[in-house]
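# Notes for the structure review
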Amino acid sequence: MHGLIRRARNAVAGWALWQAPAPVRVLVLIACAVAVGTSVGTAFLFPVTGTDFYRFAVLAVCAVVAIELTRHIDRRRVYGHSSSVAYIDTKAVWSFAAVIVLPPVFATLMVVLTYLHSWTRVQHERPGGLVYRWMFSGATVLCGTQAAVAVLALGMHDYPGAPAASGIDGLTDLGIITLAATLRWAINVALIMVAIALSKPNIQARELFSNFGEQMLEAGAMGLGLVAAAIVVANPFVMPGIVIAMVALHRGILVNQYQQASRTDAKTGLSTAGWWHDFAEQALVRARDHGATLGLLIVDLDHFKRLNDTFGHPFGDRVLKAVAEELIAEIRNEDACGRWGGEEFVVVLPDVGDERNLRNVAERIRRRIQSIVVDPPAPLAGAGDSAVTASIGGAIFPSAGMASLDELLLAADTALYAAKNGGRNTVRLSGAQAPAADAEQRALPQQAQPPSPNA
């Protein structure tokens, strides 16, 4: 008995949840406790009939079949999904249909069934997949489900069951169902976004809401859930049509995810060079049309090849990621930062003001990068200096001889080479004189090496 208890305690102690930040742990445990408590509290509010068992079986079979038919697509979604954005839950079709036409206990069971089956067929195959995240997602849906149950129980004319077929009662039921769906969605998304924000305190709002438009796909899943609820009551033999619609919906989500991935650099999470170039072109057109300014910076890490050669490419990748995080933390929501290639980054700043403001932004970026500390692998800790610095070149529109994006890039690149030749870890702007403070900015041990513009 004692051995069993000890093994259970060791298993619990090994959960990845305990390695998560403390606020995340608290949120996960509270969400799970509320989900269990509210689900138990509503389970026996309404009697269960033989018809309910039959409808639950139809919805459950359709849910399992849909998950099986889309699991290969869903696996790609899970592999390509970023933990920095809210995940689109298409299982809502079946769980929301159950909320409308079945007693709360079956609505709860539908959420548990779909999440458990999806975990066993999709999520657990992901390397490094964390059970507590999947459990938390299920808990947020259960919390939203119980809130939807409360709205439907208080407002629908014949709950649980299909909405009224026509007249004022039908319109009223449709409004109540819409309110319940909105509340269920809002609770789920809000809790997920709070968890992301707590796990990544430095995340910017625009990254948190980067796929918010895709939530319309989940609204579509809710709409299909309403249709499924009506069909399972009126003619269950038509339910395969909902399954087919689910397969099509999944493919649409996957295409959208591939489009998003094509715009994002895998190592840094910044924009790719191509997408950044398109954004900068559009920003330049707007600046020209409205008589506004636009700043452009090229950031190049100093001696990055030496860091890679000394400490290994995994260390170099961590440096690139750390630099990207500092760039994102510094720029505004209306700015855009991309990885230009190798160890070079580009930043476009609409409405930057004047050259002085552009230099101030560049200096803040330079100081942020200079403050980065990335610990090298333990066996190579004494192999050399692991300090990270960057040289920055910039240009501003409008300026003489710079009317196109390519001309701005060329001017910023020329300024970058001047910064490299001037000793590195410094800022140069196109056409501007080097400030006297540059000598102090370069006062780091690693800068004592002979400068090489190509390093």
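Analysis parameters
- Residues numbered from 1 in each chain as written.
- Predicted model: local features only at pLDDT ≥ 70, side-chain atom pairs only at ≥ 80, totals over all residues.
- Heavy atoms only, no water.
- Helix = DSSP H or I, 4+ residues; strand = E, 2+ residues; numbered from the N terminus.
- Buried < 20%, exposed > 50% of the residue type's maximum accessible area, 1.4 Å probe, protein only.
- Contact = heavy atoms within 4.5 Å.
- Areas by Shrake-Rupley, 256 points an atom, 1.4 Å probe, with all protein chains shown as cover.
- Expected span 1.5 Å × (residues − 1).
- Pairing = 2+ DSSP bridges.
- Right-handed = clockwise from strand over helix to strand, strands pointing away.
- Axes fitted to C-alpha atoms, helices over the stretch in contact; angles between N-to-C directions.
- Patch = residues over 30% accessible without salt bridge, like charges linked within 9 Å, V, L, I, M, F, W, Y side chains within 5 Å.
- Salt bridge = Lys/Arg side-chain N within 4 Å of Asp/Glu carboxyl O.
- Lys, Arg positive; Asp, Glu negative; His and termini not counted.
- Charge placed at Lys NZ, Arg CZ, Asp CG, Glu CD.
- Core = buried A, V, L, I, M, F, W, Y, C linked by side-chain atoms within 4.5 Å.
- pLDDT = per-residue confidence, 0-100.
- Parallel < 35°, antiparallel > 145°, perpendicular 65-115°, else oblique.
- Left-handed = near helix turned anticlockwise from the far one by under 90°.
- Nonpolar A, V, L, I, M, F, W, Y, C, P; charged D, E, K, R; others polar.

### What about the overall build of the protein?
Counting its secondary structure elements, the protein contains 16 helices and five strands. Within the span of the protein, comprising 455 residues, buried residues form 47% of the whole. Residue pairs in contact within the protein that sit at least 24 positions apart in sequence constitute 76% of those at least 6 positions apart. Accessible surface computed for the protein: about 21200 Å², of which carbon and sulfur atoms make up 63%.

### Some remarks on helix α13 (residues 313-330)
In a regular helix each residue adds 1.5 Å, so 18 residues correspond to 26 Å; α13 covers 26 Å between its end C-alpha atoms and thus fits that length. Of the positions making up α13, those classed as buried are Phe315, Gly316, Val319, Leu320, Ala322, Val323, Ala324, Leu327, Ile328 and Glu330. For α13, the secondary structure elements touched by its buried residues are β1 (294-301), α12 (304-311), β2 (336-341), β3 (344-350) and α14 (355-370).

### Topic: the pairing of strand β4 (residues 390-397)
Taken across its eight residues, β4 has eight buried, putting it largely inside the fold. The side-chain alternation of β4 yields two buried faces, one formed by Ala390, Ile392, Gly394 and Ile396 and the other by Ser391, Gly393, Ala395 and Phe397. Pairing analysis gives eight bridges linking β1 to β4, with the strands arranged antiparallel. Counted as the bridge partner of Leu296 is Ala395 from β4. Pairing of β4 with strand β5 (residues 427-429) involves three bridges; the strand directions are parallel. Each bridged residue has a counterpart across the sheet, and for Ile392 the counterpart in β5 is Val427. Of the crossover connections in this fold, the one passing from β4 over helix α15 (residues 405-421) to the parallel β5 is left-handed.

### Overview of the sheet that holds β2
Taken together, five strands build an open sheet; the order of strands is β2-β3-β1-β4-β5 and the sheet is mixed. At either end of the open sheet lies a strand with only one pairing partner, and these are β2 and β5. The sheet shows a mean angle of 20° between the axes of neighbouring strands, taken without regard to direction. The strands touched by α14 within the sheet are β1, β3, β4 and β5, with β1 carrying the most contacts at an inclination of about 25°. α15 rests against β1, β2, β3, β4 and β5 of the sheet, and its axis sits at about 145° to β4.

### A short note on a negative patch on the surface
Together, Asp278, Glu281, Asp406 and Glu407 make up a region of like negative charge exposed at the surface. When contributions to the negative patch are tallied by element, the ones reaching two or more residues are α11 (273-290) and α15. With respect to the helices and strands, the residue Glu281 is situated in helix α11.

### What about the side chain of Thr108?
By the element assignment, Thr108 lies in helix α5 (residues 104-121). For Thr108, a relative accessible area of 12% gives the class buried. Those residues within four positions of Thr108 in sequence are excluded, and the remaining contacts are Ser39, Leu142 and Gln146.

### Focus: the nonpolar core
Judged by nonpolar contacts, the single largest core of 42 residues is most densely connected at Leu59, Trp94, Met110, Leu152, Met239 and Ile242. Top element by residues in this core is helix α4 (residues 92-101). It accounts for nine residues. If near-sequence neighbours (up to four positions away) are discounted, Ile242 is found in contact with Val93, Trp94, Leu224, Val227, Ala228 and Ile231. Counting residues in hydrophobic clusters, the runner-up holds 34 residues, among them Leu301, Val323, Ile331 and Val427.

### Points about the confidence of the model for the protein
On average, residues of the protein score 81 in pLDDT, and 78% of them are at 70 or above. Across residues 125-129, where pLDDT falls below 50, the model places six contacts with residues more than four positions away in sequence or in other chains. Segment residues 439-455: pLDDT under 50, and 44 contacts once partners within four positions in sequence are set aside and those in other chains are kept.

### Here's the deal with the packing of α4 against helix α7 (residues 167-199)
At a minimum axis distance of 12 Å, the contact between α4 and α7 shows a crossing angle of 130°. When the axes of α4 and α7 are compared, the pair comes out oblique. Note that α4 runs across α7; the crossing there is right-handed. On α7, the residues touching Ala92, Ser95, Phe96 and Ile100 of α4 are Ile177, Ala180, Ala181 and Arg184. Tallied by class, the residues present in the contact of α4 with α7 amount to six nonpolar, one polar and one charged.

### A short note on a nonpolar patch on the surface
Side chains of Val26, Ile30 and Val34 sit close together on the surface and give an oily, nonpolar patch of about 250 Å² of accessible area. By the element assignment, Ile30 lies in helix α2 (residues 22-42).

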